[in-house]
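One-letter residues, chain by chain:
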Amino acid sequence: MGSGTRSIHARASAAFRYGPRLPRSFYTRPTLVVARELLGKVLLYDGPEGRRAARLVEVEAYHGTRDPASHAFRGPTPRTSVMFGRPGHAYVYLSHGVWFCMNVVAHGPEIAGAVLLRGAEPLEGFAKTARLSGPGLLGRAFALSTAHTGVDLTRSSLQLRDAPPVASRQIARGPRIGIAESATSAKPWRLWVRGSRGVSR
DNA sequence: CCACCGATTGCT
DNA sequence: GCAATCGGTGGT
């Protein structure tokens with residue numbers, strides 16, 4: 001462990017390990033590919049308020065201005081402009097005046113792709129029984145707010161770390177949650193890890 | 001300027 | 001099944 005290349009961290013509890021930050025190139029791919037590959041990766045906050053880590057097990061993809069379910073529908077606004085910017089940044093929005101939900105900007109350039117983080121399993125900094133299932137609960141667990149919108153995940157204390165990919169047979173797909181049926185039935189863009197406790201509903 | 005409503009959650 | 005709670009959006 002001493003020298004700089006400590007890319008793999010041993011987990012205190014299970015034998016789960018994770019690697020270095022995901023590079024910009026990870027995010028600069030088709031939104032659905034990014035969504036799929038984010039499963040199993042580690043959301044990490046490593047800052048003055050402490051260290052928290054969780055393994056992503058549920059995500060949803062939102063893509064382009066033609067997707068009526070996306071916040072990018074009909075072009076950029078002050079709130080959503082980050083979605084049209086560089087991949088690898090965070091987009092956090094307030095839901096129902098109560099819950100802060102986090103997206104990862106994907107795809108680019110100029111094409112507004114985003115992956116909503118919907119569920120995770122606690123790894124570090126949480127009780128093992130903590131529920132991180134649901135975008136609002138996940139946002140609360142990481143003390144997120146709209147101030148995190150625009151944060152560069154490849155440079156900030158809020159970051160995503162590499163980890164072993166989830167096998168295809170472990171991944172389930174379905175319609176996105178809370179979206180009008182007409183807008184989502186043809187787009188099964190909710191992806192989750194089968195059987196995980198961190199999946200909502 | 002104001003009214004509406006949501007990529008949610010937990011309790012009645 | 002529905003209230004809580006507030007900022008973005010679009011219409012007046």
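Refer to the structure printed above.
Residues numbered from 1 in each chain as written. Chains lettered and ligands numbered in written order. Predicted model: local features only at pLDDT ≥ 70, side-chain atom pairs only at ≥ 80, totals over all residues. Heavy atoms only, no water.

Asks: With reference to specific residues and values, describe the pattern of salt bridges.
Replies: Two side chains bearing opposite charge may form a pair once their charged atoms approach each other closely. Scanning all chains against the criterion turns up ten salt bridges. Glu121 is the partner of Arg55 in a salt bridge, and the nearest nitrogen-oxygen pair spans 3.1 Å. Here Arg55, found in strand S4 (residues 50-63), pairs with Glu121, found in strand S7 (residues 112-124); they are 66 residues apart in sequence, far enough to count as distant. In this structure, the salt-bridge partner of Arg118 is Glu60, at a minimum N-O distance of 3.7 Å. Residue Arg118 is found in strand S7, and its partner Glu60 is found in strand S4; the two are separated by 58 residues along the sequence. (Salt bridge = Lys/Arg side-chain N within 4 Å of Asp/Glu carboxyl O. Helix = DSSP H or I, 4+ residues; strand = E, 2+ residues; numbered from the N terminus.)

Asks: Before we move on, could you go through the side chain of Gln159 and cite the residues and values that matter?
Replies: If you trace the backbone, Gln159 turns up in strand S9 (residues 158-161). Using a relative accessible area of 2% as the deciding quantity, one classes Gln159 as buried. Separated by 3.2 Å, the side chain of Gln159 and the backbone oxygen of Ser157 make a polar contact. If near-sequence neighbours (up to four positions away) are discounted, Gln159 is found in contact with Arg21, Val42, Leu43, Leu44, Asp46 and Leu153. (Buried < 20%, exposed > 50% of the residue type's maximum accessible area, 1.4 Å probe, protein only. Polar contact = N/O pair within 3.5 Å; in protein donor to acceptor, adjacent residues only side chain to side chain. Contact = heavy atoms within 4.5 Å.)

Asks: An account of the protein's contact with DNA strand C is needed here, citing residue identities and associated values.
Replies: Taken together, the neighbourhood of DNA strand C is formed by Thr77, Pro78, Arg79, Leu94, His96, Gly97 and Val98. The sugar-phosphate portion of DNA strand C accounts for 78% of its atoms within 4 Å of the protein, the bases making up the rest. Residues of the surface near DNA strand C, tallied by class, amount to three nonpolar, three polar and one charged. (Near = heavy atom within 4 Å. Nonpolar A, V, L, I, M, F, W, Y, C, P; charged D, E, K, R; others polar.)

Function-wise, these values are silent; they only describe arrangement.
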